[in-house]
Amino acid sequence: MKKSSIFGLVVIAIAIAIIISVYSKSSTYGSFNDARNTNDELQVVAHLDKQKPLYYDAVKDANYFSFYVKDNNGQECKVVFTGPKQQDFERSEQIVLTGAMKGNEFHASKILMKCPSKYKNDQVEITEVKAKQASI
Amino acid sequence: MDNPFKGEHLLPGHLGQFFTILAFGSALLSSISYYFAVKDEFDVSWKRLARISFYINTVSVIGIGTCLYYIILNHLFEYYYAFEHSSRALPIHFIISSFWDGQEGSFWLWTFWQAVIGNVLILRAKSWEKPVMAVVALSQAAIATMLIGVDIFGQRIGTSPFILFRDAIDLKGTIPIFANPAVYHNYLKYFPDGNGMNPLLQNYWMVIHPPTLFLGFASMVVPFAYAIAGLWQKRYTEWIKPAIPYTLFAMMVLGTGIIMGAFWAYESLSFGGFWAWDPVENASIIPWLILVGAMHVMIVYKNTGHSYFTATLMVLMSYVLVLYASFLTRSGILGDTSVHAFTDAGMFWHLVADVVIFFVLAVVLLVIRWKELPRTQKDEETYSREFWMFVGAVFLCLSCFHLVVVSSIPVWNAMFGTKIAPPTDPVKHYNIVQASFAVVVTLLTGFTQFLKYKKTAVTKFFITTVVYLVCAALVATLVVYVTGVAKLQFVFILIMVGAIYSILANGKVLIDALKGKYKLAGSAVAHIGFGLIMVGALISAGTSDIISINTTGEQYSDEFVKAKNNPRENIIMYKNTPIQMGKYTVTYVGDSISAPNHYFKVDYKVVDASGKVTEEFMLKPNAQANPKMGLISSPDTRHYLLSDLYTHVTYTNAMKPGEGTEAAGHDEADDDKNYEAPLTYDVAPGDTIRFRDGYMTLESIGKIDHLQDIQLQPTDLAIGANLHIVAHDKTYTAEPVYMIRNNNAFDFARKVDDAGLKLRFTKVLPQQKKVEITLYQQPESARKWIVMRAIKFPDINFLWSGTIIMVIGILLSIFRRNKELRSV
């Protein structure tokens, strides 16, 4: 067998490994029900419940922000984020939360929110915050 | 023409619109004429027509730019683009950059650079001009379609920057008052100013980064066009040599553009780092990686005749990936996963078509010519430079493949109707996988230097390789322990070994080059630069240290803190209350406002054991209280040679919307509400009053002749209490005043805002020889505070200097390859 053919096979093997690893590591977007049934982090697409209070008091704790959201199944859950509140959080239309359930609270490590943009009248803008600094 | 709308300037728009159509038509004509010129070798007229069309295209593109600039500079807000991206208050350099704030403007940048490159090719490409320009002009026509914005069969093609406000927005439908035609015809009166630019983009990098990036993208069409021309004209072996300098150029410019983006993110956006693996960032690096691989294989082919197919395929794919990247960032498909992708401007299928056209063109040509492609019967030698360069290029492709697969998850979801979410911790995911490729690539850039083309003496090769590897491992061990990289995952330590190995091996080549083999210098310098980038990225990202960890004990609840993995990276700092962070004593000392920016003065001090201040500096992270977007925060960074200290404000109570126009004349009673309940103290001179943040001493009591508050009359009696106040190691003085006028007692309070105090001299007690001082303290919550995050990035300068070195290296290579072209 030619050396290049062997190399080709190795490359194909690595490519397949990449696809499998990506597929196995990536979850699907879930609901709070799914989150209750797993210990792993997962992503939930939800909407802010504007009736319920947002809590952020930097004087008490600059790293505690809590709010209530409803997921796409309409289930409501309290979310706790270990970081400061984002500006304009109240205006958000849709929120993608990454995190896990702890008791009855969803502890988010990352929040990605979509707001109706004030810069583009008919479009939306997106902001993301992470509780923790990105690290390797 | 009778225009019922008042105050509109329609001419620049009509002219601009005419130029967009002309640009499209002339590019298409040029492409077709070049096609027929290729068919007939001796023909001159087709070629002349093609050239003239391309010149017309260039002029139209410049015309579009001029019209758009005219509109933006003159604040003609009847054009939606100007309304959306500019405003009267914007300074001139941002007005220039508001040009490419939107999709249309960035397409214009692309088509402009491509026009410039086309003209360079007409001058320089000689026998390649006809087929190469046929492809470039086709690409030019494809981009022009993005800008024409004309309705065809009810479907709008592209999005023009010259669309009128009243056409872009349905005023009559959305705002009731415009139902009245008289009001509607005067609509401009209601929109006197534009939306302005997103404050995040109001940065000098916005002026320079997009043009660089788009020059990089635009120049990638040249190697693609050469590859197509080579297949088309069956000049299989010839196209690579003239294409190499252009490939190097594209690699250099795009690489610079990408790092500029990283630097921008690091310096002035609050990413907390220089690279976040956002799909938009990935979209820019995907074509670059494959281009770098392609360039190496092209050199392999030029020197040995091996790997023709790989070189061609990679060059072709690199441009298809540029178009794919543009689809990813512009179609709105990344909506759920990216922070800063464009939103869909109704061009989803248009962008898809663009990718498909060029992809199909490439594939069809490859299939037609498949049987004729030059192939070598013999395998490459194992101990040959070409074999390992080929391996390296393939690994770059794999790295690229991984980025494509993961960044495109929303695309797979759209195609297959699945609901896969991207990795929950994307940074970690990308870092680990990409690190594995980086290890292989850095090692290859090292030991391949010791191999020769065709065949190498095996023993000598192994000895040199091993000696250098051992040296690299030793140096890397030292670096890893000193910098703290050792505590990271093993793969990152391996990168360190690989990067240092690459630097050492290429350092040897560079030394040889300086002794006389000058032409090897370019690649050696570029590889050293790449190695330094890896070292800098690894140390600064891997060992960045958040020093603003909240250790104050002030927290929401104990239970909450006990939850594991709680990153307490944000700390609250009250004004003038120092906090120890690492070796720094950090104090928020004040604000300075220079509209629209609000700067927070944060003082950093290093105090040695004897209490002497050895170092002191001020950082001024700023924020804009933007009426449209709320608090927009930008960091400030202290640069040292070996590390950076990065500070940014995440939350504050010190800013008010519409600040700078402080309302005068506060009501006294209202003012007291800002303080806690007053405390009264009976004191004699020399006595001390303690309060929450310090103490004060009554130094003396004395008669006062002048008062700032009112004019004293001869019958008045005014006495002041001289108070010496110490709060947070700072001293202040205050002199509240007690006054008797016409048998009535008054007093004038004095405030010490920095200490959060208000002092009143409220009574004189002659029997006890004492006076009464009333003390108002601001509650903690009313005092100004900021929530900030401070991160130390060590050795990030390796990353920036590595980039500059790499660019110099590539530049040297361009000169060398150009010289080779001329010598033939």
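Just so you know, these numbers come straight off a predicted model, no measurement behind them.

Asks: Just to check I follow, could you spell out the overall build of chain A for this structure?
Replies: Looking only at helices and strands, chain A features two helices and eight strands. When the helices and strands of chain A are listed from N to C terminus, the series reads α-β-α-β-β-β-β-β-β-β. Considering only contacts within chain A whose residues lie at least 6 apart along the sequence, 44% involve residues at least 24 apart.

Asks: I'm lost on the overall build of chain B in this one. Help?
Replies: The helix and strand tally for chain B stands at 24 helices and 23 strands. When the backbone C-alpha atoms are referred to their principal axes, chain B occupies close to 115 × 85 × 50 Å. Residues classed as buried in chain B amount to 48% of the 824 residues present. Look at the contacts in chain B between residues 6 or more apart in sequence, and 68% of them connect residues 24 or more apart.

Asks: Looking at this model, I keep getting lost on the nonpolar core. Mind explaining?
Replies: It is characteristic of soluble globular proteins that their nonpolar side chains tend to be buried jointly. Residues and elements named next belong to chain B. I290 and M496 are the most contacted members of the largest nonpolar core, which totals 242 residues. Contact partners of M496, with chain neighbours within four places excluded, come to A476, V479, V480, V485, V535 and L538. By size, the runner-up hydrophobic cluster in this structure holds 17 residues, among which are M696, L698, L723 and F761.

Asks: I would appreciate a short explanation of the confidence of the model for chain A in the present structure.
Replies: Note: predicted coordinates in regions of low pLDDT should not be interpreted at a detailed level. Chain-level pLDDT for chain A is 74 on average; 76% of the residues reach the 70-or-more range. Predicted confidence is poor over residues 117-128 of chain A, with pLDDT under 50, and the contacts of this stretch with residues over four places away or in other chains come to 29 contacts.

Asks: Help me understand unusual backbone geometry, please; the structure alone is not making it clear to me.
Replies: A negative phi angle is the norm for most residues apart from glycine, just as the trans form is the norm for most peptide bonds. All names here are of chain B. Within the chain, H75 stands out as a residue other than glycine whose phi angle is a positive 50 degrees. Along the polypeptide, H75 turns up in the loop between α2 (45-73) and α3 (80-85). On the basis of neighbour counts, which here come to 18 C-beta atoms within 10 Å, the residue H75 falls in the partly exposed class. Residue N742 is not a glycine yet carries a positive backbone phi of 50 degrees. Take N742: it is sitting in the loop between β18 (737-741) and β19 (744-748).

Asks: Where do I start with the domain arrangement of chain B in this structure?
Replies: Interfaces are often sized by the amount of accessible area the parts lose when they come together. When cut into domains, chain B gives domain 1 (1-197), domain 2 (242-418), domain 3 (423-543), domain 4 (558-657 + 785-791) and domain 5 (675-777). The gap between the C-alpha centroids of domain 1 of chain B and domain 4 of chain B is 45 Å.

Asks: Could you clarify how one ought to interpret the pairing of strand β23 (residues 785-794) of chain B in this entry?
Replies: Two faces, one strand: in a regular strand the side chains alternate between the faces of the sheet. Residues and elements named next belong to chain B. Within β23, 10 of the 10 residues are buried, which leaves the element mostly enclosed by the surrounding structure. Pairing analysis gives two bridges linking strand β3 (residues 545-546) to β23, with the strands arranged antiparallel. Pairing of D545 across the sheet is with K792, part of β23. Bridging between strand β4 (residues 571-574) and β23 involves four bridges; their strand directions are antiparallel. The partner of I571 across the bridge, within β23, is M788.

Asks: Whenever I open this one, the sheet that holds strand β20 (residues 750-752) of chain B confuses me. Can you help?
Replies: In a beta sheet, neighbouring strands pair by backbone hydrogen bonds and run either parallel or antiparallel. Residues and elements named next belong to chain B. Read across the sheet, four strands follow the order β13-β22-β21-β20 without closing on themselves; strand pairing throughout is antiparallel. For this open sheet the edge positions go to β13 (679-683) and β20, each flanked by a neighbour on one side alone. For this sheet, the mean angle separating the axes of adjacent strands, direction not counted, is 30 degrees. Pairing of β20 with strand β21 (residues 757-765) involves three bridges; the strand directions are antiparallel. If you follow R750 over to β21, its bridge partner there is L759.

Asks: How do you make sense of the confidence of the model for chain B when you look at a structure like this?
Replies: Residues and elements named next belong to chain B. When pLDDT is averaged along chain B, the result is 85, and 92% of the positions lie at 70 or above. Summarising per-element confidence for chain B, the mean pLDDT is lowest in helix α22 (residues 558-562) (44) and highest in helix α11 (residues 221-232) (96). Within the model, the stretch residues 553-566 combines pLDDT values under 50 with 13 contacts to residues more than four positions away or in other chains. Counting contacts from residues 658-667, a segment whose pLDDT is below 50, to residues more than four positions away or on other chains yields five contacts. Prediction confidence for the complex, expressed as pTM and ipTM, is 0.83 and 0.73 respectively.

Asks: Could you clarify how one ought to interpret the pairing of strand β7 (residues 597-607) of chain B in this entry?
Replies: Residue and element names in this part refer to chain B. Relative to β7, strand β6 (residues 584-594) runs antiparallel, the two sharing 10 bridges. Directly across from Y588, in β7, lies its bridge partner V602. Bridging between β7 and strand β8 (residues 613-619) involves six bridges; their strand directions are antiparallel. Bridged to K605 within β8 is E616. From the end of β7 to the start of β8, which pair antiparallel, there are five residues, and G611 there has a positive phi angle of about 85 degrees.

Asks: Is there a simple way to explain helix α6 (residues 129-148) of chain B in this structure?
Replies: Spacing of three or four residues puts side chains on the same side of an α-helix, whose turn is 3.6 residues. Residues and elements named next belong to chain B. Across its 20 residues, α6 extends 27 Å between first and last C-alpha, which sits within 8% of the 28 Å expected from 1.5 Å per residue. Counting buried residues along α6, 19 of its 20 residues qualify, which places the element largely inside the surrounding structure. After α6 finishes, the residue G149 shows a positive phi value of roughly 60 degrees.

Asks: For this particular structure, what's the right way to read the packing of α6 of chain B against α11 of chain B?
Replies: Helix-helix packing is described using two parameters, namely the angle between the two axes and the distance between the axes. Residues and elements named next belong to chain B. Running from N to C, α6 and α11 cross one another at 130 degrees; their axes reach a closest spacing of 8 Å. One way to sum up the angle between α6 and α11 is to call them oblique. In this structure, α6 crosses over α11, and the sense of that crossing is right-handed. Along its contact with α6, which presents P131, V132, V135, V136 and S139, the element α11 presents V221, F224, A225, Y226, I228, A229 and W232.

Asks: Any chance you could explain the environment of A125 of chain B here in plain terms?
Replies: Looking at where A125 of chain B falls in the secondary structure, it is placed in the loop between α5 (103-124) and α6. Once the C-alpha coordinates of A125 of chain B and A243 of chain B are considered, the two residues, 118 residues apart in sequence, prove to be 9.7 Å apart.

Asks: Explain the packing of α11 of chain B against helix α14 (residues 308-330) of chain B to me, please; I cannot follow it from the model alone.
Replies: All names here are of chain B. For the pair α11 and α14, interaxial distance at closest approach is 8 Å and the crossing angle is 135 degrees. Taken together, the axes of α11 and α14 are oblique relative to one another. Helix-helix and strand crossings are classified by hand; for α11 and α14 the assignment is left-handed. Seen from α11, the contacting residues are V221, P223, F224, A227 and L231; seen from α14, they are T312, V315, L316, S318 and Y319. Partitioning the contact of α11 with α14 into residue classes produces eight nonpolar, two polar and no charged.

Asks: Can you help me understand the environment of D753 of chain B in this one?
Replies: Structurally, D753 of chain B is set in the loop between β20 and β21. Residues D753 of chain B and K575 of chain B, spaced 178 residues apart in sequence, show a C-alpha to C-alpha distance of 9.8 Å.

Rules used throughout
- Residue positions are given per chain, counting from 1 as you read along its sequence in written order.
- The naming scheme follows written order: chains are lettered A onward, ligands numbered 1 onward.
- A pLDDT threshold of at least 70 governs which residues receive local features in this predicted model, and a stricter bar of 80 or more applies before side-chain atom pairs are shown or counted, although totals over entire chains, interfaces and linings include all residues.
- Strands are runs of DSSP state E lasting at least 2 residues, helices are runs of H or I lasting at least 4, and numbering of each runs from the N terminus.
- A pair of residues counts as a contact when their C-beta atoms, built from backbone coordinates, are separated by no more than 7 Å.
- Residues are called buried when their C-beta atom has 20 or more other C-beta atoms within 10 Å, exposed when it has 12 or fewer, and partly exposed otherwise; all C-beta atoms are positioned from the backbone.
- As used here, a nonpolar core is made of buried Ala, Val, Leu, Ile, Met, Phe, Trp, Tyr and Cys residues. They are joined through C-beta atoms within 7 Å.
- Per-residue confidence from the predictor is reported as pLDDT, which spans 0 to 100.
- What counts as a domain boundary in this text is fixed by an automatic or database domain assignment.
- Two strands make a pair as long as DSSP finds a minimum of two bridges between them.
- The axes are straight lines fitted to the C-alpha atoms, using for helices just the contacting stretch, and the angles between their N-to-C directions are given from 0 to 180°.
- Each helix should span, by expectation, one fewer than its residue count multiplied by 1.5 Å.
- Throughout, the term roughly parallel applies to angles under 35 degrees, roughly antiparallel to angles over 145, roughly perpendicular to angles from 65 to 115, and oblique to all others.
- Crossings are sorted by hand: turned counterclockwise from the far helix by less than a right angle, the near helix makes the crossing left-handed, and turned clockwise it makes it right-handed.
- Residues were grouped as follows: Ala, Val, Leu, Ile, Met, Phe, Trp, Tyr, Cys and Pro as nonpolar; Asp, Glu, Lys and Arg as charged; and all remaining residues, including Gly, as polar.

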